[in-house]
Every structure is written in C-alpha cells, then in structure tokens.
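Fold and contact review
These are the residues of each chain, in order.
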There are 2 protein chains.
Amino acid sequence: MSGIKEKTVAYIGHPEWSSENCPIRDVLNHVSGKWSSLLLTALDDGPMRFAELRRFVPDISQRMLTKTLRDLQRDGYITRTVFPTQPPRVEYALTEEGRSFLIPLQGLIDWAGENHWKIRAARASFDTES
Amino acid sequence: MSGIKEKTVAYIGHPEWSSENCPIRDVLNHVSGKWSSLLLTALDDGPMRFAELRRFVPDISQRMLTKTLRDLQRDGYITRTVFPTQPPRVEYALTEEGRSFLIPLQGLIDWAGENHWKIRAARASFDTES
DNA sequence: CGGGATCCTCTGTGATACTG
DNA sequence: CAGTATCACAGAGGATCCCG
C-alpha cells in the first residue's frame, strides 16, 4: 500500500484541478512530450548549444527542438542564454528546478530499462492471442 | 552528477533504439497518455469495475476508458477478468508489473505536487515578459 | 549559428449513438 | 453493465524553405 491513490484523489476530487489545472497532469505532460525528457537528460552534464543538442538527438526536427526548448524554458526547467557574438551563440542549461526534476525522472528511466522486456513480451503475447 | 545522461545515451546512440524501439520512450509514452497513470493509481487499493473507474475519473469518456484499459492490459500493467454473470461483471486489477511501476511513478507525482507552483510561476513570468 | 514561417500529416481525444 | 462504431477535431510532430 503506497498511498499513491490518496494523493491522487486529492487532486482528482477537486473540480478545480480537473484536466487542465491538475498539477500532476501538468508535469506529466512534459515527461510525455516526445523530446522533453530527452533534452533535459542531455543537459545534465552541463550547458549545451543548439547545434550540440541537435547532434545529441539526431532524429529531432529543428522545429521541434526549438519548440520543446522554448516550452521547457517557459516552465522554468531550463535557461536560455544568448551571447552576442558573431555568429550568435546560445546556450541552454538546467535550472535548479530542472535538475531536481531529473531525480524522479531517473527513477522512471531505470524502471523502463529494467522492465521493458516484460512489456514487449506482454504485448506480443496479447497480440497473438487476439 | 546523477549519471542519467549516460544511461540515456546508451539508448539514443543505438540506432536500433531510435524513436519507436527506445524502451524509455516506450514506457514514457504510457505515463504520458492522458489517463494511463490516473487509472493505474486508481487500482492501487485493489481491483475495480468499469463503472467504478468511470466514477473515479469523472471526466473520462467511455471510449477513452475502454481504450486506455485495453492498452494497459496489452502491455501487462493490468489484468481484465470477466465474470459471466447477468449482467456481466468485469474487474480490472494491477499486475505485479503494474504495481512495481507505481513506485517510480509516485516519485514523479510527489515532485509534481511539491513543485507545480514553481512551474506556474515561471510560466506566468515568461508570458508577461514576452 | 540559431532559429522563424509555412504547409502538411497523423495520432490522440471527444461526442454521440447503438448493442449483447 | 460494459462496452463497440462512427464521425469530427485540435494539436503534436515533420518537411521544407528562408533569414539576420
């Protein structure tokens, strides 16, 4: 009995929190985004530039990289620093908030690494039975 | 230094894991779903019936409830048991896998509960500055 | 280098009505 | 009660071209 339900109920019950306003959903929607968690983990070792991030996540489009970074900045997970050189230099770095978020996120990533084979197996079994 | 980047790189680097096959993305896509994590936490106290879950999450549509439950079952997070009574009775329950998933999930939910005000504040500040 | 602007596709989600 | 079927839509994400 972990008590997870009670904590969740406290939010769901409140009509005020329903859907949009629910803080849980609010946070989860960022983990959810196809690239958010990836970019946050990329910045764990220190600031990175736009092109560096693009190389780190080879299959992201420029559009999505820009958009995801702006969203993360908007929510205070990262900072964006422009150095007025020629050519321009822009660095992205984790905030304290972003860094603290990596802790619970890592728990999830570890779980995924250890259990994804079970998921695949379950899925395969489910699909053949149907 | 949490080492989260190295663990992630191990997956991203591998061409084999890119996007679809990446186990991290695979798991995160389920936490992401608008209702998945909510339903999993709901089942933490024990099995529940379809209508019970619907009452627990008032703003979910029948369609999404059905679909999300089937997806969770497919991936082995929950079981679906049909009692051939009249009227029919169907119970959903966590598997061991589903139960173990709640542990890292709770870490994220706790973080959300503690930090969502910072996110809101950062967002508001970002929007007014622009 | 670090994006912005535009157009397009596809998936997730919702509303509604119907069924064993 | 516990769903299925159909239609509709918004937004996520991608492709491409352009710019200071």
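The following paragraphs examine the structure supplied in this document. (Residues numbered from 1 in each chain as written. Chains lettered and ligands numbered in written order. Predicted model: local features only at pLDDT ≥ 70, side-chain atom pairs only at ≥ 80, totals over all residues. Heavy atoms only, no water.)

Looking at the sheet that holds strand β2 (residues 78-83) of chain A
In sheet architecture, strand pairing relies on hydrogen bonds along the backbone and comes in two forms, parallel and antiparallel. Residue and element names in this part refer to chain A. The criterion, for reference: When DSSP finds at least two bridges between two strands, those strands are taken to pair. Secondary structure is summarised from DSSP: a helix means a run of H or I of at least four residues, a strand means a run of E of at least two, and numbering begins at the N terminus for each.
The 3 strands are arranged β1-β3-β2 in an open sheet whose pairing can be described as antiparallel. In the strand order of this sheet, the two ends are held by β1 (48-49) and β2, each with one partner. Of the strand pairs in this sheet, β1 and strand β3 (residues 89-94) are connected by 2 bridges, and their pairing is antiparallel. Bridging across to β3, Arg49 finds its partner in Glu91.

Some points on the sheet that holds strand β1 (residues 48-49) of chain B
Within the open sheet, the 3 strands sit side by side as β1-β3-β2 (chain B). Their pairing is antiparallel. At either end of the open sheet lies a strand with only one pairing partner, and these are β1 and β2 (78-83) of chain B.

Some thoughts on the packing of aromatic side chains
This is how the line gets drawn: Only the six-membered ring of Trp is used, alongside the rings of Phe and Tyr, when aromatic pairs are assigned; centres must lie within 6.5 Å, and planes under 30 degrees apart are stacked while those over 60 apart are edge-to-face, with the rest tilted. Under the scheme applied here, a residue whose accessible area is under 20% of the maximum for its type counts as buried, over 50% as exposed, and between as partly exposed, the area being computed with a 1.4 Å probe on protein chains only. Any Lys NZ or Arg CZ found within 6 Å of a ring centre and within 35 degrees of that ring's normal is scored as a charge over the ring.
All told, the structure shown has 6 aromatic pairs over all chains when counted by the stated rule. The interplanar angle of 70 degrees and the centroid separation of 4.9 Å between the aromatic rings of Trp111 of chain A and Phe101 of chain B together place this pair among those described as edge-to-face. Of this pair, Trp111 of chain A sits in helix α6 (residues 96-129) while Phe101 of chain B is found in helix α6 (residues 96-129), placing the two residues in two different chains. Summarising the burial analysis for this pair, Trp111 of chain A and Phe101 of chain B share the class buried. Geometrically, the ring pair formed by Tyr77 of chain B and Phe101 of chain B is edge-to-face, given 5.4 Å between the ring centres and 65 degrees between the ring planes. Placement of the pair is Tyr77 of chain B in the loop between α5 (62-74) and β2 and Phe101 of chain B in helix α6, with a sequence separation of 24 residues. Across this residue pair, the class does not change: Tyr77 of chain B and Phe101 of chain B are buried. These aromatic residues form a ring-pair network of at least three members: Tyr77 and Phe101 of chain A together with Trp111 of chain B. Between Arg89 of chain A and the ring centre of Phe83 of chain A, over which it is positioned, the NZ or CZ distance is 5.8 Å.

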